[in-house]
Each structure stands twice: as C-alpha cells, then as structure tokens.
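Given next are the chains, with one letter for each unit.
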Amino acid sequence: MNQANTTVVAFRNFFQEVGQLTSFLVKFFKQVFVPPYEFDEFAKQSFIVGYKSLPLVGITGFIMGLVLTIQLRPTLVDFGAESWLPAMVALSIIREIGPVITALICAGKVGSGIGAEIASMKVTEQIDAMEVSGINPFKYIVVTRIVATTLMIPLLVIFSDFIALMGSFLAVNIKSDVSITLFITQVFDSLDFMDVIPSLIKALFFGFFIGLIGCYKGYTSSNGTEGVGASANSAVVVASLLVFIIDMIAAQITSLFT
Amino acid sequence: METVKTNNYEVEVKNLQISFGKDDVLTDLSLSLKKGENLVVLGKSGSGKSVLIKCIIGLIDPDEGTIMVQGNNISEQDDNNLNLIRSKVGFLFQSAALYDSMTVRENLEFPLRRQNTVKGKKLTSLVEDALENVGLSDVIDKMPSELSGGMRKRVGLARTLILKPEIMLYDEPTTGLDPITSTEISSLIVHIQKKYKTSSIIITHDIACTKNVADRIIVIRDGVCAAEGTYKELENSGDPWIRSFFE
Ligand SMILES: Nc1ncnc2c1ncn2[C@@H]1O[C@H](COP(=O)(O)OP(=O)(O)OP(=O)(O)O)[C@@H](O)[C@H]1O
Ligand SMILES: [Mg+2]
C-alpha cells in the first residue's frame, strides 16, 4: 500500500514537473522574439558558454579522436581494411561521438553553471531586485542563456569534431605514415551532406535543452542555499539524460531519410 | 494611466491575507502610509514583514485584500502600469540583492540604463553622486563580493535612491550591522526623508533605529496589526508583549 502510494506521488510529481517545464518553454517562446533584446547579456553569455568551454571540449575531443583510432585499428587490420581507418573514425566522430561528448561535457559544465548561478540569484533576491527595477528577469536571464547555449553548442561541436580529427590523424601516424593531405581527402570522401547537417541540427537541440534545463532548474529552485546545489545537480542529471534521448530520436529520424 | 487619488495616503493596505500552503502568514492586516512619513513595522522574525512589503511592490500576490499605491490597485495593473508604479517605489532588500556578476558601478547603472533616459557623462556623475551620498565613493569599481555586509547594504541603498523614489520600502536596513554603522544608516534614512520628501516603510527589529527614524510604528502579531502609535505611546503600552520590543 505504502509502496503504491509512493509510486503515485512520484508519478504525480513527474507530471507536475513536465507541466511546469512546458509552461516555462511556452514563456520562452513568447518572449524570445519580442523586443527589447538583451544583446549585451547575450554576448556575455555566449562568451562564457562558448569561449570558456573551448579548452575542455578541445582536450576531450582530441583524446576521443586519438583513442578511437587506436582502438579501431586492430580490427580493421584483421579485416585488411586499414586504409578505411580515417573514414570510419571521421564518420563516428562527426555523426555521433563529437556531438554527444561535447553535449555531455556542456551539460556538466554549462548546465550546472547556469543552474547554480540562477538559483543563487534567486536565493539572494537578485531576480526580485531586477523585477522591481522594471527589468524583465526572465528575458534578461533565461532567454539570453538559452539562446546562447543553442547557438554556441553547435559551434563547440564543430570545434570538437575538428580537434578530434587532428587526434585521429596523430594516431594514424603512430603506426603508419599518412600525409595530412591524404588523411583529409580520405575523411572528406567518406563524408557527405547527410552526415554533417543532421549532426549539427542535433547539436542545436542539445544546446537548447541544456540551456533550458539549466535555467528551469535554477529559476524554479526552492529557496535556500541548499536549493542551489540541488538545482545544479538535477540540471546535470536531467540534461545528460535528455542528450541521450534526443540522440536516440535523432538517429531514428535521420535513418528515415537515408 | 489612471491616477485617481482617493485620499492622501501613499500606500494603503486593506485586509491583507496571505498563506503559503497551510501556514497563514498574514491573516487580516491593514495599514496606511501618509505622505512624507516614516512608518516603522515591528514584528518577530517570521511574522511576515518581508512578505508584506513584497506584496506592496507586487512581487507576491496576496490571497485576499487590496493594496493601493498612490491610489492605484497593485493587483489590477498590467505590466506597463506596474513598471510605472514600481519606478516610483524604491525597495531595499533584506540581503541588499546586489548583482554578483556586476561591479558596484554597473549595479548602480543597471536600473538607469534600462530607463534609457540618461547616458554617458551624466550617467557617470549620477552614479558617483549616489555613492557619495552613502559615503562609499571609493568602492565604485569593486565587485559586490569584495564588500562587507554594511557596505553592501549601503550600495543597495544607493542603487535604490538613484531612481529618486517617492516611496521607499526598507527591509531590515540595519540588521547584522555594528551599532555605529546602524546609526549611520538610520541617519541616512532620516536624511533621505528630509531631502527627497519620501514616504517610507521601514521594517526592523532594531529598536535604536526605530527610535531614530519612526514617526509612527505598527506592530505585527499573528498576522494582524496588534498595535499602532508613536514610539512614546508603544514604549509605555499596557501590553507587556509590545513593551518587550522596546527593552
Ligand atoms: N516564497 C515563500 N514561500 C513559502 N513560504 C514563504 C515564502 N516567503 C515567506 N514565507 C514564509 O512566510 C513567513 C514570513 O516570512 P517573512 O520573510 O515575511 O518573515 P519576516 O517577518 O521578514 O522575518 P525576518 O525578520 O526573519 O526577516 C515565514 O514563515 C516564511 O517561511
Ligand atoms: Mg524579513
């Protein structure tokens, strides 16, 4: 009986949360295209999300490219298909690993940062202070951050893909001698439009949801300093989970077209 | 905007009732603020004082009751009118609520920039004057995290005063400060009242501050206004509970 009750409560909480998130989303779309636009704050957030994540995204991208190449080589050698190595690595990086790893890193770094920052602004009454001085805090804080993550994460994915391919080139060259021009030719021959575009659209959605969840968790955090940690934490958990769910949906949709 | 002034009250709260979930915070509270007056609101911690002034500025919607600010019913205004009314009301938050990510200068410029009326040199001199008013000209390029609690309160006050409000709402302006700084802030409140002819509601449990600033005092107990009067009257009240505030 008690067990059943807890399940009911959990379900109700879940649907309440989904409902609140939906109205948060509606509020975003109602405000995003309506002036005044907060360009300065948007630029600042883009800098924080984009530029400040470059080192982390670059290092992980490089290592992923390197490791993937090293791991794949023996299998390909067994099949006598070693020359396919650059093509295979490029495909897996650009279609899957680049976007997903970048998004997961950003869910951790950017999502938690946004969640904690907004929650602490709420606790210290900064959001109320904005509201009383005639500034729409939702527009100033939430809209700018969601737009920034939506635009910056695809750019980070492109950057990460590029660095990962460099890592891969290095790994190819450890065992065999491939010139950079040959490597690039092999990579580009293997790729087509339908590999790059869906992966960038996917990245756009990753960015949007990372921003959305971070802002939502921060903005609706329950008062108190404890709420700050909790918001940051659940922003990461929910955003990471959503990254995988979106990835799954994206794979289904892309496969319809190919 | 309709500005029908029904009487000469700057703020008038009638039969205010607010509850959060099962807790009734305010049950039936009425008060009025006359023009040019400093009204002190006393009450125990958790008695709903902050909630009360947040209602006055429209940050919290009351369950029941009406709130008139300069003759306008707060809960009936659309966003534009609400912003217009809010631009005449200054609010000093209990925690000062400085924007962490901005310097002191940016904090003060922020509400002005939005209004888009002052720019450039004039903006700079307004900011500098406002800080000088609270005796903090030297912190202009610091971040809020580098300031002490008392400095933060004073910067918060400067940020509020820069908009030249007609009504000021102070939420515990002296709590957590040493007696000397408290006295400074109390004098500042009186100075502001004299200089700008503002009407103020001051929430506090600092009795020294009350003595300095109050023209009239109300005491909140169990969600209603339990007593009202001047400092002298309440100090000699027949009710020992009320007298206990003044010990
Ligand atoms: N947003 C809110 N949600 C739920 N409960 C709240 C909220 N704001 C205030 N309360 C509750 O209302 C009551 C009154 O709070 P309020 O902050 O007004 O007290 P206060 O009189 O200002 O106390 P203090 O002197 O300590 O600042 C408290 O019990 C608090 O828990
Ligand atoms: Mg309070």
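Before any of the text, the structure's been laid out above.
These notes cover the structure that comes with them.

All names here are of chain B. Protein-derived coordination of the magnesium ion (ligand 2) comes from Ser50 (OG) and Gln94 (OE1), at a distance range of 1.9 to 2.3 Å. Here Gln94 lies in the loop between strand S6 (89–92) and helix H3 (104–115) and Ser50 lies in helix H1 (residues 49–56), a separation of 44 residues in the sequence. Residue Gln94 is classed as partly exposed on the basis of its relative accessible area of 34%.

The next thing to look at is the nonpolar core. Burial of nonpolar side chains together is a common tendency in soluble globular proteins. Grouped together as the largest cluster of nonpolar side chains are 78 residues, with contacts concentrated most on Leu16, Leu52, Ile56, Leu169 and Ile201 of chain B. Broken down by element, the residue count for this core peaks at ten residues, all from helix H6 (residues 137–175) of chain A. Beyond its immediate sequence surroundings of up to four residues, Leu52 of chain B is in contact with Leu16, Leu26, Leu29, Leu31, Val41 and Ile220 of chain B. Grouped together as the second largest cluster of nonpolar side chains are 44 residues, Ala96, Val104, Cys209 and Ala227 of chain B included.

Quite often, the size of an interface is put as the accessible area lost when its parts meet. In this complex, chain B contributes 18 residues to the contact, which on the side of chain A involves 14 residues. For the pair chain B and chain A, the two sides together bury roughly 1,500 Å², of which 54% comes from carbon and sulfur. One salt bridge in this structure joins Glu131 of chain A and Arg86 of chain B, with 3.6 Å as the shortest N-O distance. At three residues, the largest contribution of residues to the side of chain B that touches chain A is made by H3 of chain B. By residue class, the composition of the side of chain B that touches chain A is nine nonpolar, four polar and five charged.

All names here are of chain B. In the region of ligand 1, 13 residues are neighbours, and Ser45, Gly46, Lys49, Ser50 and Glu172 sit closest. Between ligand 1 and Ser45 there is a distance of 2.5 Å, counted from an oxygen atom to a side-chain nitrogen or oxygen. One of the side-chain N or O atoms of Ser50 is found 2.6 Å from an oxygen atom in ligand 1. Burial of ligand 1 by the protein chains amounts to 63% of its free accessible area of 640 Å². Examining the composition of the shell around ligand 1, we find that three residues originate from one element, H1, more than from any other.

All right, on to the packing of aromatic side chains then. Following the criterion strictly, the structure yields 18 aromatic pairs over all chains and no others. Aromatic pair Tyr37 of chain A and Phe39 of chain A: ring centres 5.8 Å apart, planes at 50°, arrangement tilted. Owing to a relative accessible area of 43%, Tyr37 of chain A belongs among the partly exposed residues under this scheme. We classify Phe39 of chain A as exposed; its relative accessible area is 58%. Ring centres 5.0 Å apart and planes at 70° place the aromatic pair Tyr99 of chain B and Phe110 of chain B in the edge-to-face group. With a gap of eleven residues between them, Tyr99 of chain B in the loop between S6 and H3 and Phe110 of chain B in helix H3 connect regions that are remote in the sequence. Among the aromatic side chains, those forming a connected cluster through ring pairs are Phe24, Phe138, Tyr216 and Tyr219 of chain A. Across the ring face of Tyr99 of chain B, the terminal group of Arg159 of chain B is positioned such that the distance to the ring centre comes to 4.5 Å. Seen from the ring of Trp241 of chain B, Arg221 of chain B lies directly overhead, with NZ or CZ sitting 4.3 Å from the centre.

Here we come to the pairing of strand S3 (residues 38–43) of chain B. In summary, the side chains of a regular strand alternate between the two faces of the sheet. All names here are of chain B. Most of S3 sits inside the fold, with six of its six residues counted as buried. With burial as the criterion, each face of S3 is covered, one bearing Asn38, Val40 and Leu42 and the other bearing Leu39, Val41 and Gly43. Note: S3 against strand S8 (residues 199–203), four bridges, orientation parallel. Bridge assignment links Asn38 to a residue of S8, and that residue is Ser200. The sheet contact formed by S3 and strand S9 (residues 216–221) spans five bridges and is parallel. Residue pairing for S9: Leu42 is matched across the bridge by Val219.

Turning next to the side chain of Gln45 of chain A. When you line up the elements, Gln45 of chain A lands in helix H2 (residues 39–49). Setting aside its immediate chain neighbours within four residues, Gln45 of chain A contacts Thr144, Arg145 and Ala148 of chain A.

Residue and element names in this part refer to chain A. For the pair helix H4 (residues 85–123) and helix H8 (residues 193–219), the least separation of the axes is 7 Å and the interaxial angle reads 15°. By the angle class used here, H4 and H8 are roughly parallel. Considering how the two elements wind past one another, H4 and H8 form a crossing that is right-handed. Classifying every residue of the contact of H4 with H8 gives 15 nonpolar, five polar and five charged.

Next up on the list: helix H4 (residues 120–133) of chain B. All names here are of chain B. Its 14 residues give H4 an end-to-end C-alpha distance of 20 Å, which sits within 8% of 20 Å, the value for a rise of 1.5 Å per residue. Residues Leu123, Val127, Ala130 and Leu131 constitute the buried set of H4. Angularly, the buried residues of H4 cover 95° about the axis, an arc narrow enough to put them on a single face. In this structure, H4 carries Lys121, Lys122 and Glu132 as exposed residues pointing more than 90 degrees from its buried face. Directly beyond the C-terminal end of H4, a positive phi value near 70° is found at Gly135.

Inspection of the entire model under this criterion finds 16 salt bridges over all chains. One salt bridge connects Asp128 of chain A with Lys54 of chain B, and the closest N-O pair in it is separated by 3.9 Å. Of this pair, Asp128 of chain A sits in helix H5 (residues 126–132) while Lys54 of chain B is found in helix H1, placing the two residues in two different chains. Classification of Asp128 of chain A as partly exposed rests on a relative accessible area of 22%. One salt bridge connects Glu228 of chain B with Arg216 of chain B, and the closest N-O pair in it is separated by 2.4 Å. Of this pair, Glu228 of chain B sits in strand S10 (residues 224–229) while Arg216 of chain B sits in strand S9, placing them twelve residues apart in sequence. If you follow the salt bridges from partner to partner, you end up with Glu41, Glu117 and Arg145 of chain A in one network.

Parameters and conventions
- Going along each chain's sequence as written, the residues are numbered from 1 onward.
- As a convention, the first chain written is A and the first ligand written is 1, with the rest following in written order.
- Per-residue local features of the predicted model are confined to residues with pLDDT of at least 70, and side-chain atom pairs are confined, for both listing and counting, to 80 or more; whole-chain, interface and lining totals are unaffected and use all residues.
- Computation of side-chain values: all heavy atoms of the structure, hydrogens and water removed.
- Note that water is not among the atoms used; donors are N, O and S atoms within 2.8 Å of the metal (3.2 Å for Na, K and Ca), so sites may look incomplete.
- Working definition: helices are DSSP H or I runs of at least four residues, strands are E runs of at least two. Numbering for both runs from the N terminus.
- Partly exposed residues are those whose accessible area sits between 20% and 50% of the maximum for their type, while under 20% is buried and over 50% is exposed, using a 1.4 Å probe and protein chains only.
- Definition used in this section: a nonpolar core is a set of buried Ala, Val, Leu, Ile, Met, Phe, Trp, Tyr and Cys residues joined via side-chain atoms within 4.5 Å.
- Any two residues having at least one pair of non-hydrogen atoms within 4.5 Å are treated as being in contact.
- A quick way to say it: buried area is the sum, across both parts, of accessible area lost when two parts are put together, with a 1.4 Å probe.
- Throughout this description, the term salt bridge denotes a Lys or Arg side-chain nitrogen within 4 Å of a carboxyl oxygen of Asp or Glu.
- Amino acid classes used here: Ala, Val, Leu, Ile, Met, Phe, Trp, Tyr, Cys and Pro are nonpolar; Asp, Glu, Lys and Arg are charged; the rest, including Gly, are polar.
- A single heavy atom is enough: if one lies within 4 Å of a molecule or strand, its residue is considered near that molecule or strand.
- Here a polar contact is recorded for every N or O atom pair within 3.5 Å, except that within protein the pair must consist of a potential hydrogen donor and a potential acceptor, and residues adjacent in sequence are included only if both atoms are side-chain atoms.
- What sets the accessible areas is the Shrake-Rupley method with a 1.4 Å probe; for residues, cover comes only from the shown protein chains.
- Pairing of aromatic side chains requires ring centres within 6.5 Å, counting the rings of Phe and Tyr and the six-membered ring of Trp. Pairs whose planes differ by under 30 degrees are stacked, by over 60 edge-to-face, and all others tilted.
- Two conditions define a charge located above a ring, namely a distance within 6 Å from the ring centre to NZ of Lys or CZ of Arg, and an angle within 35 degrees of the ring normal.
- When DSSP finds two or more bridges between a pair of strands, those strands are recorded as paired.
- Under this scheme, a helix contributes an axis fitted over its contacting stretch, all axes are lines through C-alpha atoms, and angles between N-to-C directions fall in the 0 to 180 degree range.
- Note that the term roughly parallel is reserved for angles under 35 degrees, roughly antiparallel for angles over 145, roughly perpendicular for angles of 65 to 115, and oblique for everything else.
- In a left-handed crossing the near helix is turned counterclockwise from the far helix by less than a right angle, and in a right-handed crossing that turn is clockwise.
- Multiplying one less than the number of residues by 1.5 Å gives the expected span of a helix.
- Directions from the helix axis toward the C-beta atoms define the arc.

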